[in-house]
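So the chains spell out like this:
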Amino acid sequence: MSKTIEYLDKIEIFEKDNGALLIKNTPCSWIFVRHPDDNGKYRITFVVSEAVHKQIQDILYKRFVEQFDDKTKPGWALGSAKPLQDASKTFAYSAKTSAVFTSLKTGEEIKNVIALYKKDGELIPEDEHITYENESIFNVIVKPYSITYKGKKGIMLNLQALQEVDVSYYKGSNDYAAMFGIEQKKADKSSQGSEQNMPWD
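Keep in mind it's a predicted model, so treat the numbers as computed, not measured.

## So, the nonpolar core
Grouped burial of nonpolar side chains is what soluble globular proteins tend to show.
Piece 1. With 38 residues, the main nonpolar core has I44 and F46 as its most contacted residues.
Piece 2. Those elements that provide at least two residues to this core are β2 (21-32), β3 (41-48), α2 (50-68), β5 (91-98), β9 (136-149) and β10 (152-166).
Piece 3. Setting aside chain neighbours within four positions, we find I44 in contact with C28, S29, W30, I31, V33, Y93, S94, A95, V140, L159 and L162.

Laid out in structure tokens, this is it:
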């Protein structure tokens, strides 16, 4: 059984006081959180069930109406959501943010860092470079924001923070240590942390 199917019924969504959304136990892929992608963005694709998708769409459409005073159909898919072509009736969302911002006052570049937590609540240092395998499970915090692009209006998701739940680390396609006959110590899996310590509850 894939992790996506395993966790599908465990996914939950919560609205926070600051307008952010917390999505718990969501399978993630294309996870760029310590190294930006080719476009200079930190980003993830996360998957939700049909029921949670409807909840997210209701929230984002409400934000769309409030922001634009417009009850028509948004020009862009809310949250960049799209149905996955499988039998599980799941939907994929895209959340991203720039790795570097330019100050409007000084013109200097400011490095952006995604807050990344282990399951037990420990903050992972920004210089600890981690690469995750697809279908790793996270709690994710995103913040909806409005856009107008090419004459079309929409609501997209700004990636703000992640917490490991049940993750696998990508080690690359070449295991040089094994080629040399070196026995490596395995790192503790973050998924073994305490369920009671949820920093975003």
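## Regarding the pairing of strand β1 (residues 12-15)
Piece 1. Direction of pairing for β1 relative to β2: antiparallel, over a ladder of four bridges. Its bridge partner lying in β2, F14 is registered against L22.
Piece 2. From the end of β1 to the start of β2, which pair antiparallel, there are five residues, and G19 there has a positive phi angle of about 95°.

## Comments concerning the packing of aromatic side chains
Piece 1. This model, assessed by the stated rule, comprises six aromatic pairs.
Piece 2. Ring centres of Y61 and F64 lie 6.1 Å apart, and the angle between their planes is 20°; this geometry places the pair in the stacked category. You can see Y61 and its partner F64 sitting in helix α2, three residues apart, about one turn around the helix.
Piece 3. By relative accessible area, which is 1% here, F64 ends up buried.
Piece 4. Between Y132 and F138, the aromatic rings sit 4.9 Å apart at their centres with planes inclined by 85°, giving edge-to-face as the arrangement. Here the two residues Y132 and F138 agree in accessibility, since each one is buried.
Piece 5. Members of the aromatic cluster, joined through ring pairs, are Y61, F64 and F68.
Piece 6. Sitting above the plane of the Y7 ring, K10 keeps its charged end 4.6 Å from the centroid.

## Notes on unusual backbone geometry
Piece 1. In this model, E135 sits at a positive phi of 70°, which is unusual for a non-glycine residue.
Piece 2. Assignment of secondary structure puts E135 in the loop between β8 (115-117) and β9.
Piece 3. Here K150, not a glycine, exhibits a phi torsion of approximately 55°, which is positive.
Piece 4. Given the relative accessible area of 68%, K150 is considered exposed.

## A closer look at the environment of N18
Piece 1. Among the structural elements, N18 can be located in the loop between β1 and β2.
Piece 2. Residue N18 is classed as partly exposed on the basis of its relative accessible area, which comes to 47%.
Piece 3. Taking C-alpha positions, N18 is 8.7 Å from K143, a pair spaced 125 residues apart along the chain.
Piece 4. A distance of 3.0 Å separates a polar atom in the side chain of N18 from the backbone nitrogen of A20.

## Details of a negative patch on the surface
Piece 1. A contiguous patch of negative charge, built from D120, E122, D127 and E128, is present on the exposed surface.
Piece 2. With respect to the element layout, E128 can be found in the loop between β8 and β9.
Piece 3. Looking at E128, the relative accessible area reads 33%, which means it is partly exposed.

Cut-offs applied
Residues numbered from 1 in each chain as written. Predicted model: local features only at pLDDT ≥ 70, side-chain atom pairs only at ≥ 80, totals over all residues. Heavy atoms only, no water. Core = buried A, V, L, I, M, F, W, Y, C linked by side-chain atoms within 4.5 Å. Buried < 20%, exposed > 50% of the residue type's maximum accessible area, 1.4 Å probe, protein only. Helix = DSSP H or I, 4+ residues; strand = E, 2+ residues; numbered from the N terminus. Contact = heavy atoms within 4.5 Å. Pairing = 2+ DSSP bridges. Phe/Tyr/Trp six-rings, centres within 6.5 Å; stacked < 30°, edge-to-face > 60°. Lys NZ or Arg CZ within 6 Å of the ring centre and 35° of its normal. Polar contact = N/O pair within 3.5 Å; in protein donor to acceptor, adjacent residues only side chain to side chain. Patch = residues over 30% accessible without salt bridge, like charges linked within 9 Å, V, L, I, M, F, W, Y side chains within 5 Å. Areas by Shrake-Rupley, 256 points an atom, 1.4 Å probe, with all protein chains shown as cover. Salt bridge = Lys/Arg side-chain N within 4 Å of Asp/Glu carboxyl O. Lys, Arg positive; Asp, Glu negative; His and termini not counted. Charge placed at Lys NZ, Arg CZ, Asp CG, Glu CD.

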